[in-house]
Amino acid sequence: MRTTIFYFSGTGNSLWIAQVLARELGETEVVSMVNWNKKQHIVESRRIGLIFPVYMWGVPRRVLEFLDQLPAKNAEYIFAVANNAGQVANTLVQLDKTMQAKGLLLSSGWSIVMPSNYIPWGGPVSLGKQNELFKAARLKISYIVQEINQRAEKQVEKGPLWQRIIFSGLYKISSPHIPKMDGKFWADEKCNKCGICIQLCPNNNISRQDDKLTWHNHCEQCLACIQWCPQGALQYGRKTSAYSRYHHPDIKLKDLLS
Ligand SMILES: Cc1cc2nc3c(=O)[nH]c(=O)nc-3n(C[C@H](O)[C@H](O)[C@H](O)COP(=O)(O)O)c2cc1C
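Bear in mind that the values here come from a model prediction, so they are computed numbers and not experimental data.

> Explain unusual backbone geometry here, please?
Trans peptide bonds make up the majority, and among non-glycine residues the majority have a negative phi. Positive phi is not limited to glycine here, since Trp 57 has a value of about 65 degrees. A relative accessible area of 15% places Trp 57 in the buried class. Phi angles above zero are rare outside glycine, and Asn 204 is one such case at about 45 degrees. Along the chain, Asn 204 falls in the loop between helix H6 (196-200) and strand S7 (206-209).

> Is there a simple way to explain the domain arrangement of the protein in this structure?
By convention, interface size is frequently given as the accessible area that disappears when the constituent parts associate. The domain architecture assigned to the protein consists of domain 1 (3-173) and domain 2 (177-257). Taken together, both faces of the contact between domain 1 and domain 2 bury some 2400 Å²; the carbon and sulfur share is 66%. In terms of surface lost to domain 2, no three residues of domain 1 exceed Thr 11, Arg 61 and Ile 119, which account for 24% of the buried area on that side. If you look at where domain 1 meets domain 2, you find 0 salt bridges.

> Looking at this structure, I do not really get the pairing of strand S2 (residues 28-32). What am I missing?
Successive residues of a regular strand alternate their side chains across the two faces of the sheet. Counting buried positions along S2 gives 4 out of 5 residues, so the element sits mostly inside the fold. Tracing the backbone out of strand S1 (residues 3-7), into helix H1 (residues 13-25) and back to the parallel element S2 gives a crossover that is right-handed.

> Whenever I open this one, the pattern of salt bridges confuses me. Can you help?
Should their charged atoms come close, side chains of opposite charge can pair. Under the counting rule described, the total for this entry stands at 9 salt bridges. We note a salt bridge from Glu 132 to Lys 129, for which the minimum N-O separation is 3.8 Å. Linking Glu 132 with Lys 129, this pair stays in helix H4 (residues 127-149), spanning 3 residues, or about one helical turn. On the accessibility criterion, Lys 129 (38% relative accessible area) is partly exposed. In this structure, the salt-bridge partner of Lys 254 is Asp 255, at a minimum N-O distance of 3.7 Å. Through salt bridges that share partners, Arg 46, Glu 76 and Arg 151 make up one connected network.

> What am I meant to see in the nonpolar core here?
Side chains that are nonpolar tend, in soluble globular proteins, to be buried together. Counting 60 residues, the largest nonpolar core has Phe 6, Trp 16, Leu 21, Leu 50, Leu 70 and Leu 95 as its most contacted members. The dominant element in this core, judged by the number of residues it contributes, is H1, at 8 residues. Counting the residues that make up this core, at least three belong to each of domain 1 (3-173) and domain 2 (177-257). In this structure, Leu 21 is in contact with Ile 5, Ile 51, Phe 79, Val 81, Ile 141, Ile 144 and Val 145, ignoring residues within four places of it in sequence. Judged by nonpolar contacts, the second largest core, of 15 residues, contains Cys 197, Cys 201, Ile 206 and Trp 215.

> Could you clarify how one ought to interpret the packing of H1 against H4 in this entry?
The geometry of a pair of packed helices is captured by two quantities: the angle between their axes and the separation between those axes. In contact at an axis separation of 10 Å, H1 and H4 are set at 45 degrees when each is read in the N-to-C sense. It follows from the interaxial angle that H1 and H4 lie oblique. Pair H1 / H4 crosses with right-handed handedness. Contact with H1, carried on its side by Trp 16, Ile 17, Val 20, Leu 21, Glu 24 and Leu 25, involves Phe 134, Ala 137, Arg 138, Ile 141, Ser 142, Ile 144, Val 145, Ile 148 and Asn 149 of H4 and no other residues of that element.

Rules of the game
Residues numbered from 1 in each chain as written. Predicted model: local features only at pLDDT ≥ 70, side-chain atom pairs only at ≥ 80, totals over all residues. Heavy atoms only, no water. Buried < 20%, exposed > 50% of the residue type's maximum accessible area, 1.4 Å probe, protein only. Helix = DSSP H or I, 4+ residues; strand = E, 2+ residues; numbered from the N terminus. Domains from an automatic or database assignment. Buried area = accessible area lost by both parts, 1.4 Å probe. Salt bridge = Lys/Arg side-chain N within 4 Å of Asp/Glu carboxyl O. Right-handed = clockwise from strand over helix to strand, strands pointing away. Core = buried A, V, L, I, M, F, W, Y, C linked by side-chain atoms within 4.5 Å. Contact = heavy atoms within 4.5 Å. Axes fitted to C-alpha atoms, helices over the stretch in contact; angles between N-to-C directions. Parallel < 35°, antiparallel > 145°, perpendicular 65-115°, else oblique. Left-handed = near helix turned anticlockwise from the far one by under 90°.

Have a look at this one:
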């Protein structure tokens, strides 16, 4: 059955999952939620996948917005993969409820643990640990493919009860502040004005004015700008200059720019 997978990704983990899943499913197109143009792209697929990262224990705002234009008219089976750094919490339950309110049925939802890209809290885990996570993720993707092929209709995966209670509250409190959390970004002297951060930003939130980069308070916190800067010149607060950058090793800048 033909499948369309829509992904949202800051540092490539979600895109990599989408690509591996697409290869294993066959007959699958992988489409960015950010660049997708409803008018130019008619979706005929009867199977639709949503793949995205967990942000602050919930669904990224950009993904929630995308649900309003989800081309699900022909869809018989909708599945989701929320990838995260170990705390999926209530994300897929939130997605399920949001979709129900819009008259959409989420048939199944899975969590996959990937390396964290949340640089404000520290640099990436070691390469050895990253490879362990990728290996486990490949196994989980193979399992998900079997489930999708059998049209599994299951309760979505979720974190332990304590995580869901505490972190759902934190999501509600913190999520509205995300767009303005870009006040801590700055460019250091290594910035060579290549403009890649401006091109990568899914919200067109970065501009250069008077030779200075400015973030305009419509931030998604995807961290693509800081993680992909070829010079490592972008910083968030005072600690990030000491941390290495992360993006999925198989995903290249051009994959996210295209
Ligand atoms: C703003 C932000 C918030 C995050 N919050 C969580 C979280 O609540 N739980 C978690 O396990 N990982 C969290 N992460 C880590 C990402 O979900 C994880 O690294 C994901 O694989 C990144 O996917 P991407 O490369 O497709 O952007 C967060 C990352 C960002 C940027």
